[in-house]
Amino acid sequence: MSAATACMPLVVPPPPPTSTPSPLHGSAGQPAAMVPAERRHHPGGMEAAETESHGSGEEGRRPEGEDDGVMSEPRAVVQTLTCERKVYVEGFAYWRSIGRPELPELDPILSFDEFEFSAPAAFLDHPHRGFENVTYMLEGGVSYHDFSGHKGTINTGDVQWLTAGRGVVHAEVPAGEGVQRGINIWINLAANDKMVEPLYQDLASHAIPTATSNDGGVSVKVIAGECLGACSPLRPRTPALCLDVALRPGARLRQPVPRGWSACAYVIDGEAAFGSEGNAASAAGARTLVVFGGDGNGVEVRAEEAGAGARVMVVAARPLGEAVARDGPFVMSTPEEVQQAREDFRRRRNGFEMADGWTSDHAATSAPAR
């Protein structure tokens, strides 16, 4: 597989599982009621953290490296990419912004996709190692089953932050009739973290902290990090910020971002302007990604007075500055480590032991996407 396709989590069919990544990622399951953030051991030794929005203490900290929480120097936009809808197979299409030739990665963000998923497409039993994955559902749901016994559905507005670490094997299928829509992001793990134990962190839609500006013009779902005084309880292994921002016409958000972090914004709906008004702000419509430069301690996003408002995802993360070797479902530091991951999966060892003899429920009922 070429380097260009090695970071394509949304487009490679599952069988055979020894060499193919998934479009989406399952979760540890949604409990009947959310419980305070903790690590719990689940069947087969897989760990999961189930969290709720009203945390304190460690949950209330700002992202590492953030200044004093006030943005004084908005970053300029250095790149704008319009995303085209691409059909991979019947029932699966995507809009790719990061992980394409014009922007192979935005360290440590390896890929960023909006997707549409419906029958007959299905992504059956397949492995992952060496990165973190964010699945955020915009509409509908994705049902999953993994090799440690976790099964369930990620529904509209739910988010899962999966640290694949040393190894996860799972299957994903559309959860209902019609088109299921969502955002899927791959974030690299540092070389020292690639073989950590897998960890699922899930937040149901109602548990994601929400903040509103004083004038009511901006509403933010804080998926990771902090915004307008609200903090997410999710703790990414690679420090990151992830916000779902809704702006009424004329509204503006000035969001602090730690100096040195990579930062981008993706317009889901409407039209928004980015960068300070006095510095040639860039306007972007739906399904457009803007990349911010490194100078400054925050980003600015606005909805024009004359428009209908906008919905934007703002994502930032601390760069790793490390070598990346990507091939299908594995993201490691060297080609030798990628080959080792394939061999470990084939031999069902070193993190893939639970895959020995395991078949997902979905594999028996869903036809593979081809």
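What counts and how
Residues numbered from 1 in each chain as written. Predicted model: local features only at pLDDT ≥ 70, side-chain atom pairs only at ≥ 80, totals over all residues. Heavy atoms only, no water. UniProt positions renumbered as here; feature names shortened; annotations may be inferred. Helix = DSSP H or I, 4+ residues; strand = E, 2+ residues; numbered from the N terminus. Contact = heavy atoms within 4.5 Å. Areas by Shrake-Rupley, 256 points an atom, 1.4 Å probe, with all protein chains shown as cover. Polar contact = N/O pair within 3.5 Å; in protein donor to acceptor, adjacent residues only side chain to side chain. Salt bridge = Lys/Arg side-chain N within 4 Å of Asp/Glu carboxyl O. Buried < 20%, exposed > 50% of the residue type's maximum accessible area, 1.4 Å probe, protein only. Phe/Tyr/Trp six-rings, centres within 6.5 Å; stacked < 30°, edge-to-face > 60°. Lys NZ or Arg CZ within 6 Å of the ring centre and 35° of its normal. Expected span 1.5 Å × (residues − 1). Pairing = 2+ DSSP bridges. Axes fitted to C-alpha atoms, helices over the stretch in contact; angles between N-to-C directions. Disulfide = S-S within 2.5 Å. Lys, Arg positive; Asp, Glu negative; His and termini not counted.

An unreviewed UniProt entry lists the chain under the name Pirin-like protein, with Urochloa decumbens as the source organism. Among the UniProt annotations of the chain, the heading Sequence similarities (unreviewed entry) holds the following wording: "Belongs to the pirin family."

(A) Highlighting the overall build of the chain. Broken down by element type, the chain carries 1 helix and 27 strands. A separation of at least 24 residues holds for 74% of the contacts in the chain among residues at least 6 apart in sequence. When the accessible surface of the chain is totalled, it reaches about 13800 Å², and 48% of it is carbon and sulfur.

(B) Main features of the side chain of S148. One can find S148 in the loop between β9 (142-146) and β10 (151-154). A polar side-chain atom of S148 sits 3.0 Å from a polar atom in the side chain of D146. Within the structure, the side chain of S148 is placed 3.1 Å from the side chain of H150, a separation counted as a polar contact.

(C) Local environment of the pattern of salt bridges. Applying the stated criterion across every chain, the model contains 20 salt bridges. Between R96 and D113 there is a salt bridge; the shortest N-O distance is 2.6 Å. A residue pair is termed long-range when its members are at least 10 positions apart, and R96 in strand β5 (residues 92-98) and D113 in strand β6 (residues 109-117) qualify at 17 residues. Like R96, the residue D113 is buried in the burial classification. Residues participating in the shared-partner salt-bridge network are E114, E139, R181 and R287.

(D) Geometry of the packing of aromatic side chains. Under the criterion given, the structure shown has 8 aromatic pairs. Relative to F123, the ring of F92 has its centre 5.2 Å away and its plane inclined at 70°; by these criteria the two rings are edge-to-face. Linking F92 in strand β5 with F123 in strand β7 (residues 123-128), this pair joins segments that are 31 residues apart in sequence. F123 matches F92 in its accessibility class, with the two residues each being buried. On the basis of an interplanar angle of 40° and a centroid distance of 5.2 Å, the ring pair of F112 and Y266 is categorised as tilted. Remark: Y266 occurs in strand β21 (residues 262-274) and F112 occurs in strand β6; sequence separation between them is 154 residues. Residue F112 is classed as buried on the basis of its relative accessible area of 0%. On the basis of relative accessible area, Y266 is assigned to the buried category, the value being 1%. In this structure an aromatic cluster arises from ring pairing among F92, F117 and F123. Sitting over the ring of W95, R287 keeps its end group 3.7 Å from the ring centre.

(E) Structural context of helix α1 (residues 335-347). In this model, α1 (13 residues) spans 18 Å end to end at C-alpha, consistent with the 18 Å of a helix rising 1.5 Å per residue. Residues V338, A341, R342, E343, D344 and F345 constitute the buried set of α1. Check the buried side of α1 and you find it contacts β7, β12 (168-174), β26 (325-327) and β27 (330-332). Downstream of α1 by a residue or two, R348 has a phi angle that is positive, lying close to 55°.

(F) Representation of the sheet that holds β9. Spatially, β7-β12-β9-β10 is the arrangement adopted by the 4 strands of the open sheet, whose pairing is antiparallel. Whereas interior strands pair on both sides, the edge strands pair on one side only; in this sheet they are β7 and β10. With direction set aside, neighbouring strand axes in the sheet form an average angle of 30°. Pairing of β7 with β12 involves 4 bridges; the strand directions are antiparallel. Its bridge partner being in β12, H126 is matched across the sheet by H170.

(G) How the structure looks around the state of the cysteines. Scanning the entire structure with this criterion turns up 0 disulfides. C242 forms no disulfide, and the closest cysteine sulfur to it belongs to C264, at a distance of 9.1 Å.

(H) Highlighting the pairing of strand β8 (residues 131-139). Counting buried residues in β8 gives 8 out of 9 residues, a clear majority hidden from the surface. In this structure, β8 lies alongside strand β13 (residues 180-188), joined through 8 bridges in antiparallel fashion. Of the residues in β13, the one forming a bridge with T135 is N184. In this structure, β8 lies alongside strand β11 (residues 159-163), joined through 5 bridges in antiparallel fashion. The partner of T135 across the bridge, within β11, is Q160.

(I) Broad picture of the side chain of K221. Mapped onto the secondary structure, K221 falls in strand β16 (residues 218-224). D244 provides the closest opposite charge to the buried, unpaired K221, separated from it by 5.5 Å. Within the structure, the side chain of K221 is placed 3.2 Å from the side chain of S205, a separation counted as a polar contact. Look past the residues within four positions of K221 in its chain and what remains in contact with it is Y136, G157, S205, I208, P209, T210, C242, L243 and D244.

(J) Just unusual backbone geometry, in detail. Omega for the bond connecting D107 with P108 falls within 30 degrees of zero, at 10°, which places this linkage in the cis form. As for its position among the elements, P108 is in the loop between β5 and β6. Geometrically, the link from A119 to P120 is a cis peptide bond, its omega value of 10° lying close to zero. For N350, which is not glycine, the phi torsion reads 55° and is therefore positive. Within the fold, N350 resides in the segment after α1.

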